[in-house]
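Now for the letters of each chain:
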Amino acid sequence: DLSVRRQRRVHGGLRTVNMDMRTKQQIPLTDIFKMIDQTKAKRGASNEGDLETSTALQHEMHLEAGDSSQTTKKRKAAEEELSSSSDENGKRPHLGGESCEDWITSDIPLYRPPPRPVATPGPWQDALKSYIHHPERFALQIFHQTSQFIAVYDGFPKARVHLLIMPKEDIPDIFALRRAHISLLTNMHSYGNWLIEKFRSAGIVSNLRLGYHAVPSMRHLHLHLISDDMDSPSLKNKKHWNSFTTRFFLDPSTIIDMLQQKGQIQLDKQEYEGILSGELRCHRCKEVQKNIPALKKHISSCALPVAPRDS
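First, a word on what this report is: a plain description of the structure on this page. Note that the structure is predicted; figures quoted are calculated from it, not measured.

1. Some thoughts on the sheet that holds strand β4 (residues 149-153)
In space, the 6 strands of this open sheet follow the order β3-β4-β5-β7-β6-β8, with antiparallel pairing throughout. Unpaired on one side and paired on the other, β3 (142-145) and β8 (249-250) mark the two borders of the sheet. Bridge count for strand β5 (residues 162-167) against strand β7 (residues 223-227) is 4 bridges, and the pairing is antiparallel. The partner of L163 across the bridge, within β7, is L225. Along the sheet, helix α5 (residues 182-201) contacts β3, β4, β5, β6 (208-213) and β7; its crossing angle with β6, the most-contacted strand, is approximately 150 degrees. On top of the sheet, helix α7 (residues 252-262) reaches β6, β7 and β8; it is set at about 45 degrees to β6, its chief contact.

2. Considerations on the pattern of salt bridges
Scanning all chains against the criterion turns up 9 salt bridges. A salt bridge links D228 to R284; its shortest N-O distance comes to 3.9 Å. With a gap of 56 residues between them, D228 in the loop between β7 and α6 (238-245) and R284 in the loop between β9 (280-281) and β10 (288-289) connect regions that are remote in the sequence. The two residues D228 and R284 agree in class, both being buried. Of the charged contacts in the structure, one is a salt bridge between E271 and R247, with a shortest N-O distance of 2.6 Å. On the criterion of sequence distance, the pair formed by E271 in helix α8 (residues 269-275) and R247 in the loop between α6 and β8 is long-range, its members being 24 residues apart. Under the relative-accessibility criterion, R247 is labelled partly exposed at 26%. Each of D126, K129 and R219 takes part in salt bridges that share partners, so that together they form one network.

3. Quick look at the packing of aromatic side chains
Throughout the structure, instances matching the rule amount to 9 aromatic pairs. Judged by centre distance (5.0 Å) and plane angle (90 degrees), the ring pair of Y131 and F138 falls under edge-to-face. F138 shares its class with Y131; the two are buried. Among the aromatic side chains, those forming a connected cluster through ring pairs are Y111, F143, Y153 and F199. Between the NZ or CZ atom of R247 and the centre of the ring of Y272, over which it lies, the distance is 5.2 Å. Just above the ring of F175 sits the side chain of K269; from NZ or CZ to the centre is 4.4 Å.

4. Some remarks on the side chain of H181
Tracing the backbone shows H181 in the loop between β5 and α5. When near neighbours in sequence (up to four residues on either side) are disregarded, H181 contacts E169, I171 and A176.

5. Focus: α7
Looking at α7, one finds that the buried residues are P252, I255, I256, M258 and L259. Along α7, the residues classed as buried sweep out an arc of 165 degrees about the axis, all on the same side. Residues of α7 that are buried sit in contact with α5, β6, β7 and β8. Directly beyond the C-terminal end of α7, a positive phi value near 80 degrees is found at G263.

What counts, and at which threshold
- Residues numbered from 1 in each chain as written.
- Predicted model: local features only at pLDDT ≥ 70, side-chain atom pairs only at ≥ 80, totals over all residues.
- Heavy atoms only, no water.
- Pairing = 2+ DSSP bridges.
- Helix = DSSP H or I, 4+ residues; strand = E, 2+ residues; numbered from the N terminus.
- Contact = heavy atoms within 4.5 Å.
- Axes fitted to C-alpha atoms, helices over the stretch in contact; angles between N-to-C directions.
- Salt bridge = Lys/Arg side-chain N within 4 Å of Asp/Glu carboxyl O.
- Buried < 20%, exposed > 50% of the residue type's maximum accessible area, 1.4 Å probe, protein only.
- Phe/Tyr/Trp six-rings, centres within 6.5 Å; stacked < 30°, edge-to-face > 60°.
- Lys NZ or Arg CZ within 6 Å of the ring centre and 35° of its normal.
- Arc of directions from axis to C-beta.

Next comes the structure, spelled out in structure tokens:
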């Protein structure tokens with residue numbers, strides 16, 4: 001084999017480069033396709049060979065930033081071929097990393113939120129971006145992650161269990177979502193439900209919910225996973241309470257439905273912000289309480305199940 005694979009840093013990332021050991025020149029992408037075809041022929045186009053070829057193709061797709069238009073067409077054709085191919089188990093190769101179902105075979109760690117929030121550079125509204133761009137710096141704050149998503153402990157939890165689930169793709173908030181994001185969101189919601197089932201099966205907590213804030217306060221799309229006990233010293237005012245116990249807390253299906261119907265998220269921000277200053281009502285019996293201390297005392301003894309989320 002005339003080519004060797006070596007790693008070269010490009011803008012902080014790693015990129016695979018193929019070099020001819022005799023000439024010390026980079027091998028053109030068209031020649032790589034020929035080599036791959038020859039390898040497939042030798043292997044008799046077995047399933048195993050196809051999978052290894054798919055892996056090689058995924059690395060070589062991004063070799064040259066200045067590809068010619070003809071090479072670009074070949075790359076696109078190869079991507080389409082990969083997307084339509086499958087292994088002996090009927091699973092399609094996942095371009096860009098592990099398949100979206102891979103978390104199913106993993107397990108969750110013990111739920112151990114850090115004793116205090118960690119400082120991040122820049123404005124507090126951008127704190128979540130640090131977890132995405134530099135996860136190695138926040139090992140204690142990260143609960144679990146996959147190739148597509150990351151689940152972190154909320155720095156100021158509003159319940160006994162409170163996580164933020166985020167895509168690793170840069171998406172500012174729900175208002176930046178478009179119809180093309182539906183597949184990503186569906187996977188993220190499935191991941192959230194998988195975490196919920198793991199919590200339940202481990203006996204940590206049984207009643208958990210997923211939802212988005214109608215008017216997010218932090219920049220980077222995040223899905224809340226929160227238990228319905230609403231028992232936390234960080235829950236201190238009406239805004240904290242009403243952001244999780246009223247229709248301000250949007251069900252994931254609401255977001256998907258709106259994207260399917262309208263292609264984007266359209267909400268009256270002023271209307272939803274007004275909900276935050278509303279009455280303090282028990283999320284179980286709906287009885288009004290005069291202040292947060294009275295509300296906390298009431299919910300500690302209220303035995304009714306949590307009422308359905310307002311539409």
